[in-house]
Amino acid sequence: MERTELFNQLKNAENLYFIGIGGVSMSSAAMFAKERGYHVAGSDKAASSITEKLKNEGVSVFIPHQADNVAGADMVVYTAAVNMENPEMRYARDHDIPLVTRAEFLGFIMSFYPNRIGVSGTHGKSTTTSMISHIFLSASLNPTIALGAELARIGGTYHIGRGDDFIYESCEYKDSFLSFDPSIALILNIDHDHVDYFFTMEQMERSFKKSIKNAHTVIANGADERVERTVADFGGKVIRFGMEASFDFHPEGLSYQHGCASFIITAFGKPLCSVSLAVPGEHNILNALAAAAAAYECGVDSALIAAGLESFTGAKRRFEKKGRIHGVDVYDDYAHHPTEIKATLAGVTKLGYHKIFCIFQPHTYTRTAELFSEFVQSFAGADQTIFADIYSAREVNTSGITSADLAEAVPEAVYFDSFEKIVHYLRENAGAGDLVLTMGAGDVYKIGEMLLQEE
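A quick note: this is a predicted structure, and the numbers were derived from the prediction, not measured.

### Notes on the packing of aromatic side chains
Here is step 1 of the chain: Scanning the model with the defined rule gives 20 aromatic pairs in all.
Here is step 2 of the chain: Ring geometry for F32 versus F166: centroids 5.6 Å apart, planes at 55°, classification tilted. Separated by 134 residues along the polypeptide, F32 in helix α2 (residues 24–35) and F166 in strand β9 (residues 165–169) bring together distant segments of the chain.
Here is step 3 of the chain: Of the residues examined, F32 reaches a relative accessible area of 3% and is grouped as buried.
Here is step 4 of the chain: On the accessibility criterion, F166 (0% relative accessible area) is buried.
Here is step 5 of the chain: Site record: aromatic cluster; members linked through ring pairs are F32, Y113, Y158, F166, Y168 and F180.

Shown next as structure tokens:
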């Protein structure tokens with residue numbers, strides 16, 4: 001369906017139905033719909049804190065998926081994770097109810113905002129989008145925000161503002177970001193990922209290039225060769241950020257305290273503001289530079305840029321402290337790609353822990369198999385790596401790859417076939433002054449929560 005036709009249908013619709021409404025992004029989309037005056041209903045396979053929150057907001061939620069739930073809907077919104085044979089999807093097709101992807105619907109919602117800041121890249125989207133949100137909130141600009149991770153300052157994954165700004169994560173998976181239309185587009189990095197959809201890097205670069213074609217400004221990681229190729233023939237304004245002094249936004253006077261950086265943000269050759277970050281690692285310096293560039297381009301005062309960055313302590317599951325037990329700090333991180341793992345562990349090694357235990361749950365069989373060599377080399381920052389079973393997500397294991405294969409190839413690594421065995425191992429081996437860091441995009445965070453419970 002053409003964008004104009006889709007938008008016209010959405011403008012004329014009254015009843016929207018969301019399949020998979022309990023998901024982080026779908027729940028946000030449902031609330032955006034409710035705010036715009038639609039009657040909103042939806043379903044999920046199981047109840048959760050998100051579905052309960054939606055009910056409390058007046059959204060009709062059905063558990064589980066059933067065909068007759070869809071009766072009366074004008075349009076059905078669904079995610080890429082929904083199987084085409086889902087009974088509600090079949091009902092919609094059989095009754096000629098128009099189907100709209102979550103990305104297409106969000107693209108429609110964004111069209112009402114003059115200033116659309118889209119944060120793309122294979123790593124760092126949630127953190128950078130959260131940093132920009134902190135800056136805009138500090139500046140009392142009251143933006144509308146759509147995140148892929150929970151942010152304490154807005155009490156969840158979305159915020160419905162009253163200003164002209166829409167700040168959002170622009171996800172590349174299955175070309176979702178091609179449904180968006182940013183006026184300011186950030187590209188943090190382009191790395192080999194989502195190998196079940198992007199079969200070559202050339203395909204991925206073409207998609208990123210399409211995603212920015214209508215923007216008036218692109219904020220780009222100047223040190224990333226793939227990003228540079230993507231913006232090489234862009235017709236609008238390009239602002240480059242990076243660690244080197246040759247870039248438009250870069251740090252000067254860099255120092256670290258407990259792994260967190262303090263530095264002067266330099267913009268176009270002049271000092272903009274001094275910041276002391278509360279999140280560790282060089283990757284967060286880059287995220288902060290990108291966020292500062294976006295805010296600067298929107299005319300935010302330099303003091304408010306600094307205040308917003310310094311008040312940011314992280315998003316949920318982005319190096320999130322879960323607690324401490326018997327002197328052992330327990331953290332959780334969403335990193336599930338070799339580049340992310342390296343970056344997080346590089347920051348963690350500067351925090352002064354006696355020993356770092358990294359518990360990793362690989363995410364999807366295709367990613368594990370395709371990037372196996374890169375995974376093997378990514379855990380050098382850990383003193384001990386512990387592998388949990390691969391989180392299959394949407395996949396079937398056709399390659400035969402296992403976490404035991406990784407454990408055999410990674411030095412100082414072990415594999416256990418249950419969370420309970422991993423927790424037992426940690427209780428036997430982790431001591432005061434050590435760090436336990438769970439990593440992955442699945443449910444590996446439960447290991448830390450189990451560890452923090454006394455036996």
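So that's the structure; there's more coming.
### Remarks on the packing of helix α6 (residues 125–138) against helix α9 (residues 282–297)
Here is step 1 of the chain: It is at 9 Å that the axes of α6 and α9 come closest, and there the two elements cross at 45°. Classified by the angle their axes make, α6 and α9 are oblique. α6 and α9 meet at a crossing whose hand is right-handed. Contacts between α6 and α9 pair T127, T128, M131, I132, I135 and F136 from the former with N284, N287, A288, A290, A291, A292, A294 and A295 from the latter.

### Observations concerning the pairing of strand β14 (residues 260–267)
Here is step 1 of the chain: Of all 8 residues making up β14, 6 are buried, and the element is well covered by its neighbours.
Here is step 2 of the chain: Where strand β13 (residues 249–257) and β14 come together, 7 bridges link them in antiparallel fashion. Bridge pairing in β14 links Y256 to A261.
Here is step 3 of the chain: Connecting β13 to the next strand, β14, in antiparallel fashion are 2 residues, including H258 with a positive phi near 55°.
Here is step 4 of the chain: Note: β14 against strand β15 (residues 270–280), 7 bridges, orientation antiparallel. Bridge assignment links F263 to a residue of β15, and that residue is V275.
Here is step 5 of the chain: In sequence, β14 turns back onto β15 through a hairpin of 2 residues, with F268 there showing a positive phi of about 55°.

About the criteria used
Residues numbered from 1 in each chain as written. Predicted model: local features only at pLDDT ≥ 70, side-chain atom pairs only at ≥ 80, totals over all residues. Heavy atoms only, no water. Phe/Tyr/Trp six-rings, centres within 6.5 Å; stacked < 30°, edge-to-face > 60°. Helix = DSSP H or I, 4+ residues; strand = E, 2+ residues; numbered from the N terminus. Buried < 20%, exposed > 50% of the residue type's maximum accessible area, 1.4 Å probe, protein only. Axes fitted to C-alpha atoms, helices over the stretch in contact; angles between N-to-C directions. Parallel < 35°, antiparallel > 145°, perpendicular 65-115°, else oblique. Left-handed = near helix turned anticlockwise from the far one by under 90°. Contact = heavy atoms within 4.5 Å. Pairing = 2+ DSSP bridges.

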